[in-house]
Amino acid sequence: MGATDAAFGKDDTDQVTQFTAPSVYLDLRTTYATAPGGAIGIGFGNTSLFSVLGAIALAAGHTPSTVPTHIKLPTVHAVTVDIPLTVDLNDRVSVYGGVSVNANTMPLGGWTDIDVASWNVGFQADIYRQNGGMLPTITVQSTITQSLPSGPFATTNFNNVIEFDYALDEDQTRGLLLGFQDTRVAIQSASAEVRPGMIGYAGGYYQWPSNWKASARVGVQSFGGVELLNRTLIQPFTQPVLRLDLDRMDDNDNRLFGLMVQIQWIPLPSYQLTFRTPLYLTQN
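What counts, and at which threshold
- Residues numbered from 1 in each chain as written.
- Predicted model: local features only at pLDDT ≥ 70, side-chain atom pairs only at ≥ 80, totals over all residues.
- Heavy atoms only, no water.
- Helix = DSSP H or I, 4+ residues; strand = E, 2+ residues; numbered from the N terminus.
- Buried < 20%, exposed > 50% of the residue type's maximum accessible area, 1.4 Å probe, protein only.
- Contact = heavy atoms within 4.5 Å.
- Areas by Shrake-Rupley, 256 points an atom, 1.4 Å probe, with all protein chains shown as cover.
- Pairing = 2+ DSSP bridges.
- Axes fitted to C-alpha atoms, helices over the stretch in contact; angles between N-to-C directions.
- Patch = residues over 30% accessible without salt bridge, like charges linked within 9 Å, V, L, I, M, F, W, Y side chains within 5 Å.
- Salt bridge = Lys/Arg side-chain N within 4 Å of Asp/Glu carboxyl O.
- Phe/Tyr/Trp six-rings, centres within 6.5 Å; stacked < 30°, edge-to-face > 60°.
- Lys NZ or Arg CZ within 6 Å of the ring centre and 35° of its normal.

Colleague: Residues and numbers for the overall build of the protein, please.
Modeller: For the protein, the count of helices and strands is one helix and 17 strands. Classification of the 284 residues of the protein by burial places 44% in the buried group. Contacts in the protein between residues at least 24 apart in sequence constitute 58% of all its contacts with a sequence separation of at least 6. When the accessible surface of the protein is summed, it comes to about 14,000 Å², and 61% of that surface belongs to carbon and sulfur atoms.

Colleague: Kindly report on the side chain of Gln 272, identifying the contributing residues and their values.
Modeller: Residue placement: Gln 272 occurs in strand β17 (residues 269-282). Judged by its relative accessible area of 4%, Gln 272 falls in the buried class. Gln 272 has contacts with Thr 31, Tyr 32, Ala 33, Asn 46, Leu 49, Met 260, Val 261, Gln 262 and Gln 264, leaving out every residue within four places of it along the chain.

Colleague: Any chance you could break down the sheet that holds strand β13 (residues 226-228) for me, citing the residues and the numbers?
Modeller: Strand order in the open sheet made by the three strands is β10-β13-β14, with antiparallel pairing throughout. Looking at the sheet topology across the chains shown, the edges are occupied by β10 (192-194) and β14 (231-234). Strand-to-strand twist across the sheet, computed as the mean angle between neighbouring axes with direction ignored, equals 25 degrees. Summarising the sheet, β13 and β14 pair through three bridges and their orientation is antiparallel. Residue pairing in the sheet places Leu 228 in a bridge with Arg 231 of β14.

Colleague: I'd like to hear about the pairing of strand β4 (residues 76-88), residue by residue, with values.
Modeller: Both faces of the sheet carry side chains from a regular strand, because those side chains alternate between them. Here strand β3 (residues 23-35) runs beside β4; their pairing, made up of 11 bridges, is antiparallel. When the bridges of β4 are listed, Thr 30 appears paired with Val 81. Sheet topology places β4 next to strand β5 (residues 93-104); 11 bridges connect them, and they run antiparallel. Counterpart to Asp 82 in the pairing with β5 is Ser 100. In textbook terms, the turn of a hairpin is the stretch between consecutive antiparallel strands, and for β4 and β5 this stretch comprises four residues.

Colleague: Tell me about a nonpolar patch on the surface, and name the residues and values.
Modeller: Residues Tyr 32, Trp 111, Tyr 206, Trp 208, Trp 212, Leu 244, Leu 246, Leu 256, Phe 257, Val 261, Leu 273 and Phe 275 make up a contiguous nonpolar surface patch of roughly 1,000 Å² in combined accessible area. The set of elements that each furnish at least two residues to the nonpolar patch consists of β15 (237-249), β16 (255-265) and β17. Among the elements that take part in the nonpolar patch, β16 stands out by supplying three residues, more than any other. Relative to the elements of secondary structure, Trp 208 occurs in the loop between β11 (197-207) and β12 (212-223). Residue Trp 208 is classed as partly exposed on the basis of its relative accessible area, which comes to 39%.

Colleague: Explain the packing of aromatic side chains to me, using residue names and the numbers behind them.
Modeller: One pass over the structure, following the stated rule, counts four aromatic pairs. With 5.0 Å between their ring centres and 80 degrees between their planes, Tyr 206 and Trp 208 make a pair best called edge-to-face. Of the residues examined, Tyr 206 reaches a relative accessible area of 36% and is grouped as partly exposed. Sitting over the ring of Tyr 205, Lys 213 keeps its end group 4.8 Å from the ring centre.

Colleague: Residue-level account of the pattern of salt bridges, with values.
Modeller: For the coordinates displayed, the defined rule picks out 11 salt bridges. Its salt-bridge partner being Glu 227, residue Arg 195 comes within 3.7 Å of it at the nearest N-O pair. Here Arg 195 is found in the loop between β10 and β11, whereas its partner Glu 227 is found in strand β13, with 32 residues between them in sequence. Residue Arg 195 is classed as partly exposed on the basis of its relative accessible area of 33%. Each of the salt bridges in this network shares a partner with another, and the network as a whole consists of Asp 27, Arg 29, Asp 82 and Arg 276.

Colleague: So what's going on with unusual backbone geometry? Residues and values would help.
Modeller: Residue Leu 148 is joined to Pro 149 through a cis peptide bond whose omega torsion reads -5 degrees. Here Pro 149 lies in the loop between β7 (137-147) and β8 (155-167). The amide bond that connects Ile 266 to the next residue, Pro 267, takes the cis arrangement and shows omega of -5 degrees. With respect to the element layout, Pro 267 can be found in the loop between β16 and β17. At Asn 131, a position not held by glycine, the phi torsion is positive, near 50 degrees. Along the chain, the position of Asn 131 falls in the loop between β6 (115-128) and β7. Classification of Asn 131 by relative accessible area gives exposed; the value is 60%.

Colleague: Lay out the side chain of Gln 262 with the relevant residues and their values.
Modeller: Inspection of the secondary structure puts Gln 262 in strand β16. Its relative accessible area of 1% is what places Gln 262 among the buried residues.

Keep in mind these values describe shape, not function.
Structure (structure tokens):
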């Protein structure tokens, strides 16, 4: 969420009340990801990608319960483009909604056609600001993602994050992070169940005078697995997860470009590479 002026403010004379229009932009995110055979993982926040991988796993595993449990799902490579229209209402609250398009590898080789994979809506808000005090900034984010097309294995993901940001200087160019993410998945089919996934993490960030900002988060992901037709399709696991971000900001802390690398062990390594290229329609 880029920093903007307050929605309402006063000029230097404190006589005239002014209104600042919100920032509106397409927060384009292009992700390339791999998932090893027989596993999927939620990871940090990318519920659109999880919807795609989850749908592939459920569809590929829709076989009679007599199939041996040692047979694994194939390794999957996927490219997902998230296109949420984002509105920064002020420097504390953002709302967003949009669609995701996807292409992925098929078990017999080759790639699928590019298609709309899901839609999502959500918000992000700073419910408390540190502003030089002893208590950290508290940010909450909540996203609902619905996979497409509708069918017996369509999923609805509820992803909620709370993050504590303790700035170590007045300009908030360096600080410490502590957070928790909870993801719940509902499936239309009564024969399948995706159990909850949770991540607890810690990290930090540093922003140079040139407005390049680096941040890191390391944590532990616990995923309850996937059940289908009374058999365990995806085994539960508790494994480490690592996320590294490099962002180019402007003088008002609006993101101009972002690169994110994520490695999650599920339990074999799964890799994600995400490019963020916001397209601003209005900007403050």
